[in-house]
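So you can see what is in the structure, the chains are spelled out below.
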Amino acid sequence: MSTQRWPEHGCALLQLLLLVSFSLSEESLCRQRGDPEIPQLSKDGDIMLGGIFYFHSSWKNIENTYTQKPLPLECISLNFREFQFAQAMRFAIEEINNSTDLLPGISLGYHIYDTCGSIVRSIKVALALNNGNDNVSTTSEEPCTRPIQVQAIVGETSSSPSTAIATVIGPFHIPLISHFATCACLSDKSKYQSFLRTIPSDYYQSRALAQLVKHFGWTWVGAICTNDDYGNNGMAIFTETAEQLGICLEYSVSFFRTDSTEKLEKIINIIKASTSKVIVAFVSHLDMDVLIHELSNHNLTGYQWVGSESWIFDSQIAAMDKNHILDGAIGLSIPKAHVSGLKEFMLDVKPLNSSNNDLFIEFYEALFSCKFKKLQSEKIQTECTGHEDLTGVENSFTEMSLMPILNNVYIGVYAVAHALHNILKCNKTCNTNVQLYPFTILQHIFKIRFKTKGGLEVYFNEYGDPAAKYEIINWQPRDNGIMDFVTVGLYDASLPADKQLNLQNKTFVWTQKLNQVPVSVCSEKCPPGTRKVLQKGKPVCCHDCLRCAEGEMSNFTDSVTCVRCPPESWSNDRRNTCVIKEAVFLSYEEIMGVLLTAAALFGTCMTSAVALIFFRNRKTPLVRANNSELSFLLLFSLTLCFLCSLTFIGRPTEWSCMLRHTTFGITFVLCISCVLGKTMVVLMAFKATLPGSNVMKLFGPTQQRLSVLGFTLIQVIICILWLTISPPFPSKNFKEFKDKIILECALGSAVGFWSVLGYIGLLAMLCFIFAFLARKLPDNFNEAKFITFSMLIFCAVWITFIPAYVSSPGKFSVAVEIFAILASSFGLLICIFIPKCYIMLLKPEKNTKKNVMGKVSQK
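Keep in mind that what you see is a predicted model, and the values were worked out from it rather than measured. Sequence positions are assigned chain by chain, starting from 1 and proceeding in written order. Totals for whole chains, interfaces and linings use every residue, but because this is a predicted model, local features are given only for residues with pLDDT of at least 70 and side-chain atom pairs only at 80 or more, for both listing and counting. Values shown for side chains rest on all heavy atoms present in the structure; no hydrogens or waters enter the calculation.

## A look at the packing of helix α14 (residues 591–616) against helix α22 (residues 811–842)
Worth spelling out the cut-off: Between the N-to-C directions of two axes lies an angle of 0 to 180 degrees, each axis being a line fitted to C-alpha atoms and, for a helix, fitted only over the stretch in contact. Strands are runs of DSSP state E lasting at least two residues, helices are runs of H or I lasting at least four, and both sets are numbered from the N terminus onward. Each angle receives one of four descriptions, namely roughly parallel if under 35 degrees, roughly antiparallel if over 145, roughly perpendicular if within 65 to 115, and oblique otherwise. What makes a crossing left-handed is the near helix being turned counterclockwise from the far one by less than a right angle; a clockwise turn instead makes it right-handed. Residues were grouped as follows: Ala, Val, Leu, Ile, Met, Phe, Trp, Tyr, Cys and Pro as nonpolar; Asp, Glu, Lys and Arg as charged; and all remaining residues, including Gly, as polar.
Following both chains from N to C, one finds α14 and α22 inclined at 25 degrees, their axes separated by 10 Å at the closest point. As summarised for this structure, α14 and α22 are arranged roughly parallel, according to the angle between their axes. Like other packed secondary-structure pairs, α14 and α22 cross with a definite hand, here left-handed. Its residues placed into classes, the contact of α14 with α22 shows 21 nonpolar, two polar and one charged.

## Remarks on the sheet that holds strand β27 (residues 582–584)
As a reminder of what qualifies: The criterion for strand pairing is that DSSP finds at least two bridges linking the strands in question.
Strands sit in the order β27-β29-β28 across an open sheet of three strands; the sheet is mixed. What marks the edges here is a single partner per strand, and that holds for β27 and β28 (729–733). Along the sheet, successive strands turn relative to each other by an average axial angle of 30 degrees, direction set aside. Of the strand pairs in this sheet, β27 and strand β29 (residues 740–746) are connected by three bridges, and their pairing is parallel. Looking across to β29, one finds that Ala583 is bridged to Ile741.

## Section: the packing of aromatic side chains
Which entries qualify depends on this criterion: Any two rings among Phe, Tyr and Trp, with Trp reduced to its six-membered ring, count as a pair given centres within 6.5 Å; such a pair is stacked if its planes are under 30 degrees apart, edge-to-face if over 60, and tilted if neither. In this scheme, Lys NZ or Arg CZ marks a charge over a ring once it lies within 6 Å of the ring centre and within 35 degrees of the ring normal.
Applying the stated rule across the entire model yields 26 aromatic pairs. Members of the aromatic cluster, connected to one another through ring pairs, are Phe53, Phe55, Phe80, Phe83, Phe363 and Phe397. One Lys or Arg, Arg449, reaches over the ring of Tyr459 and ends 4.0 Å from the middle of that ring. One residue, Lys740, lies across the ring of Phe737, its end atom 5.8 Å from the ring centre.

## As for the side chain of Thr604
Basically, it comes down to this: The buried label goes to any residue with under 20% of its type's maximum accessible area, the exposed label to any with over 50%, and the partly exposed label to all in between, with areas taken from a 1.4 Å probe on protein chains only. Contacts are residue-level and defined by heavy atoms, with any inter-residue pair within 4.5 Å sufficient.
Inspection of the secondary structure puts Thr604 in helix α14. Judged by its relative accessible area of 12%, Thr604 falls in the buried class. Setting aside residues up to four positions removed in sequence, Thr604 forms contacts with Thr639, Phe642 and Leu643.

## Quick look at the pairing of strand β13 (residues 278–282)
Our working definition: Handedness rule for crossovers: strands pointing away from the viewer, path from the first strand over the helix to the second running clockwise, crossover right-handed.
The element β13 is largely enclosed, with a buried count of five among its five residues. Here β13 shows a buried face lined by Val278, Val280 and Phe282 and a second buried face lined by Ile279 and Ala281. For strand β11 (residues 220–226) and β13, the ladder comprises four bridges, and the chain directions are parallel. Opposite Cys225, over in β13, you have Phe282 as the bridge partner. With helix α8 (residues 285–298) bridging β13 and the parallel strand β14 (residues 304–307), this β-α-β connection has right-handed handedness.

Purely geometric numbers; function is a separate question.
In structure tokens, the structure reads:
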């Protein structure tokens, strides 16, 4: 700081010190900052109550230059609705003052203020109700304090002003009882400890609206809310609940009545571009006025509106809807109520007899569209007399559609009165010596429980909220253009969740007078047999319906997943249920089974015929030369081979599974053993003709029998071990076919099965080798040639059987096995016995010992 400015600053400091010393020498004075707030309506009483309403909806915008003290608000736009609320408060106070049962000998007074819809002004009048408007003088030793001016405050109507007021007066514990502030945020007692209300919290209303929307199947909706505490908090709870119920918001926009036309135009364009046909409007009645005007300019009809209690039962809104945009609207309203005597009191407006002349005169002039003559020179078209009759006058003040809210104001005043009645221990008289403190009154209000003269039970829960009950109303236009608010259901939050929403069997009227519930979905419901697949980048309500895959099904609408059918079931063509799979096995009824059975029986008969021929020619050289005993045993085993194939046909059972493989294995080993024995007999017989050979002595009939028995016994042992350790068993094969169950015999032990087949193959190979060695022995009828050929057929059949058996599905593998059995059996029968039968039947002259021994001369 330069030394040249010291004299200037020193002078200023001296002036400040003189001012402070002068102030300390005088009596201290507690002065109120700013202009005093004068109540618009007031009445003296022993106990004073405060009232905060906005008799004017707005104020003139004045630009402040901040070069002088700002002017007070100039309120405009009279609000008859709020004047009704103030009249309801005054009526309740007058009724209590005239009562001998409630607060006898105690009179209630009131100070009622107009906030003009300004939150700043709401705070100012709240402080005025707390402090008063007078300046208080005090000595320097006394604190600058005064007693609280009112014991409780009734108001405010809206949520945002209520949050501001409750924040300011909360530390003083002055009860604030609102009749229409529904924001769920006000239930937070850590912030708004002295706030109570006689209307349910939006926590319940928002959830009820979501349940209502869900009830009618509207899963794709738009949302509009007021850009304040009421709209934003209510819509937040609605959105949260809607998501839990599977409802999606296509858009959610907010606005305030003072917003620019451009912003409202933007909202209109969003609605036009949307595909949803249902709009949930969580909007205050003042903002709805603005919205309806804008919607009417664009003639936006055809939407189903779902409304909150702020506007859904407001006849003013219905009267403004000239384009029938809101026809068929549905929403929640406060239950209907009636306060006897209130209407008559409301309509008894005598401005010339009122102590608060200015406000009453203003309302009176607006009611009757007249003017009181103030100056002799003033020219007035219609002059007010002060004795006009309201009969026949129709406006928002004379009609009583807001009686439920008026009843809330009425209840709020009575709640304070009952609390005071208990504190003052009133009986026939009240104890006026009791010191009243707002905190004590607040505690008693939380505890009160009484019934109004209309029979309504009044109480508050721990959050300062009443019981949550709503009526569900439907806008149904009459032929004369008047809108009926028809009650179509009830919502009671105190009931179990599944019984809270109760819609009556009444006829609904929907938008554009439709008789059917409008449809508002992003995607159609997925029918049974399909599943929902969400569309990328879109809400969960937007989805595609994909058909369930084979073997899966969904049996209810909008299934998220398809359920796989149990192993024994398969989905039907529509994929909406599981049907029992067809059990597939080789049966006697189907063509393949009939053909194989016929072939087996034909082979059996053919073998029997051959045996009969052999029996009749048993003494002939041809039969005797070929070891008739082994021949008959071979024919018997072939008969068993043909018959054992029948065990493979039919439904597999535990016994049939064990029988088919073991019978097949044993009979075929018996058959091959006989063929092997015959081959060895042929080979040994010709070896015995060599000089000095005693082979036939070593392989005589006894040895032949023992060899057949020994070879067969080995197979019997293998089968016994197989059946003992891990026998075949019936099983269900679900893998081969998707829609069929293959009933088959599981091998049990694969080692046992392939051991049986391997042993048969080993004997067949030995038989083939021995027959091959004996194929060129001298004889006119060398049986070894036929055995060799039969063994070639046998081996070829069973070698091709293995890959065919493994690769064949289901019953076809059984058919392949039966075919292999029959083919090899027919090969043995035809190759070994048919040539002999041919000679015995058609060439009997060759059936001689000489011809058999090859001693007949060739010609």
